[in-house]
Amino acid sequence: MIHDFHINDGYHTINRKGNEQMCGIVGYVGDKQAAPILLDGLSRLEYRGYDSAGLAVRDGEREIEVVKAKGRLRKLAEKMDEGNAMIGCCGIGHTRWATHGEPSEVNAHPHSSERQVADAPGVAGVHNGIIENYQELRDKLLRKGYTFYSQTDTEVVVKLVDYYYHKYQVGPIDALAKTMVRVRGSYALAVMFRDYPGEIWVARKDSPMILGVKDGESYVASDVPAILNYVRNVYYIGNLEMACLTAGDVRFYNLDGDEIRKELTEIKWDAQAAEKGGYEHFMMKEIHEQPKVVSDTIRAGVKDMEGTPRIDLSEVGFTDEVIRGISQICIVACGSAWHVGMAAQYIFEDLARIPVRVELASEFRYRNPLLDPNGLVIVISQSGETADSLAALREVKENGIRTLAVVNVVGSSIAREADHVFYTLAGPEIAVATTKAYSAQLIASYLLAMDFGRVREVLEEAQYTQLLTEMMTLPDKISQILTEKERMQWFASKFANAHDIFFIGRGLDYAVSLEGSLKMKEISYIHSEAYAAGELKHGTISLIEDNLLVIGVLTQDELYEKTVSNMVECKARGAYLMGLTSYGHYVIEDTADFTVYIPKTDPHFAASLAVIPLQLLGYYTSLARGLDVDKPRNLAKSVTVE
């Protein structure tokens, strides 16, 4: 039963259909008390953002007990004495971000198949995703005598499972399969049936879900950190597949109900990598992990061949013949990954002389784009589950175009479905605002572009070797920038109350400006925009006024003077200027009011260094404004719902 508590922690009401995936799922079956394990797992998913939480636990054949609370996970833990008040070794837990229905205890998961929220459930379930035809299904169930206590689409899908289970007198497999055929949308669904004690049943379409088994215990979660302390070898359940977890065992089924086999994937992350490690925030920890992440990703793609370092893309599946046959490249991504694509466009075209275009995945999938049959589509995604990017990948594959995934999560949907995969080695990234995953994706872009240039005989051997040698110096140069982070902290405190900030640059500097602007707006909530500096006079310069902060990025020597001229135009209209450039360009101090220097490197790699001060600026500005750096409002780590 649900205890009659009402918790109000001042959360803003949110009532929207939602286009983000912030919810978290954890499940456990074994010989230990489930509730403390579920609470621990959910705490490791707090970075995803949520407004309520709940658990469903059962003790043997006793009724399923459900406890829920609005607000932070701490509220739920206090309700159940840190989990000790919920007895049972089988359970599911959930953190919810409101999509259908406001944040409330009633709308929180788990949801029940019974007529009243406090009744002992025949079926109890949790769900990530969006059920697009939930209103149609709700109307159907109302006609069949069901009533609803919440505003959620999750209650609808749980009661649909119950409907098929009872109407056709079938087992969980058939009840779930009939539900999956009837539902439109995306979901990761975990349910418990009153008639099947000691079992958790799961189903998936498009929303991520992993399962693990170890020493007589079984786990399910929507993301790796939730269960990383308990199990290192996991299964990735596929689209339109189901699974049954019992203590120490998991069985998988396809939509026809036939049992299928799955391969285990080892999670190589250190469990401590998902902890703060003494830093105040995950974001600052992850900023400081970038030298190692960059080094690890370089080592993954560079091999020692007879004493000489060479790029080796054999694990990606690219042969020289394949590379020579590629006529054009289309990069598809969202958010920061799209900014990586913008940088990669300049690098590929310069080093490999191959036409490149960069597409926002959310637009690409609706454009009916024209693609060369001999082209390559590169999909970049940290999670490998980004909904728009995954949909774009599937559309491309339907047209027979070769695809390459640049992803950070082994076994993710995009990784499994692409023809080729380049895994970045960023490890778990917990803060919502990406830092180290972005840097690892940049390295992947450099490696691909240089190898394409070598194979296509655009890069001469000496230039190839020189670029490779310089790229290997990037980790130390990033570390050098981080030793001067206090200057960025001081500068951020001066502009913490700014209302608008402009970032400007040309070429690769424009690509970096896009990422710097995003970091600023997503965690400090200050309106900021990035502009190609040459576009200022085409309208935007009318917005420049006294003391407005303009940040000029100037790492490209050939474009340096032109960007300085644009900064001077802004200063003449009252702007306060920050310059970000390489050591040696000290004359910038005649123009800029504040200057940040980065070590010199080859211009193709400058983005890897220039982005670090901009990440720090966003972080410290958010900190000065007293905001939640790791969990900015309204944002999700992995956008797995359109």
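Please read these numbers as outputs of a predicted model, since none were measured by experiment. (Residues numbered from 1 in each chain as written. Predicted model: local features only at pLDDT ≥ 70, side-chain atom pairs only at ≥ 80, totals over all residues. Heavy atoms only, no water.)

A. Molecular detail of the pattern of salt bridges. Applying the stated criterion to the full structure yields 35 salt bridges. Residue Asp296 is joined to Arg299 by a salt bridge in which the shortest nitrogen-to-oxygen separation is 2.6 Å. Here Asp296 and its partner Arg299 are both found in helix 7 (residues 290-301), 3 residues apart, which amounts to about one turn of the helix. In this structure, Lys477 engages Glu470 in a salt bridge whose closest nitrogen and oxygen atoms are separated by 2.6 Å. Take Lys477: its relative accessible area is 15%, and that puts it in the buried class. Taken together, the salt bridges that share partners define one network made up of Lys205, Asp206, Arg394 and Glu417. (Salt bridge = Lys/Arg side-chain N within 4 Å of Asp/Glu carboxyl O. Helix = DSSP H or I, 4+ residues; strand = E, 2+ residues; numbered from the N terminus. Buried < 20%, exposed > 50% of the residue type's maximum accessible area, 1.4 Å probe, protein only.)

B. Structural context of the pairing of strand 27 (residues 594-598). The buried count for strand 27 comes to 5 of 5 residues, which makes it a mostly enclosed element. What you see with strand 27 is no split at all: Phe594, Val596 and Ile598 on one side and Thr595 and Tyr597 on the other are buried throughout. Both strand 26 (residues 576-582) and strand 27 contribute to a ladder of 5 bridges, which runs parallel. Its bridge partner lying in strand 27, Ser582 is registered against Ile598. (Pairing = 2+ DSSP bridges.)

C. Region of the structure containing the side chain of Ser413. Counting through the fold element by element, Ser413 comes out in helix 12 (residues 413-417). Judged by its relative accessible area of 0%, Ser413 falls in the buried class. Within polar-contact distance, the side chain of Ser413 engages the side chain of Arg204 at 2.4 Å. Those residues in contact with Ser413, other than ones at most four positions away along the chain, are Arg204, Gly384, Glu385 and Leu390. (Polar contact = N/O pair within 3.5 Å; in protein donor to acceptor, adjacent residues only side chain to side chain. Contact = heavy atoms within 4.5 Å.)

D. Expanded view of the packing of aromatic side chains. As enumerated under the stated definition, the model contains 21 aromatic pairs in all. Summarising the aromatic geometry, the rings of Phe502 and Tyr531 are spaced 5.5 Å apart at their centres and angled 80° between planes, so their arrangement reads as edge-to-face. With Phe502 in strand 23 (residues 500-505) and Tyr531 in strand 24 (residues 527-532), the pair connects residues that are 29 residues apart, well separated along the chain. Given a relative accessible area of 3%, Phe502 falls into the buried group. An aromatic cluster is defined as three or more aromatic residues linked by ring pairs; in this entry it consists of Trp490, Phe491, Phe495, Tyr576 and Phe594. It is Lys159 that lies over the ring of Phe148; its NZ or CZ is 4.8 Å from the centre. (Phe/Tyr/Trp six-rings, centres within 6.5 Å; stacked < 30°, edge-to-face > 60°. Lys NZ or Arg CZ within 6 Å of the ring centre and 35° of its normal.)

Read these as geometric descriptors, not functional statements.
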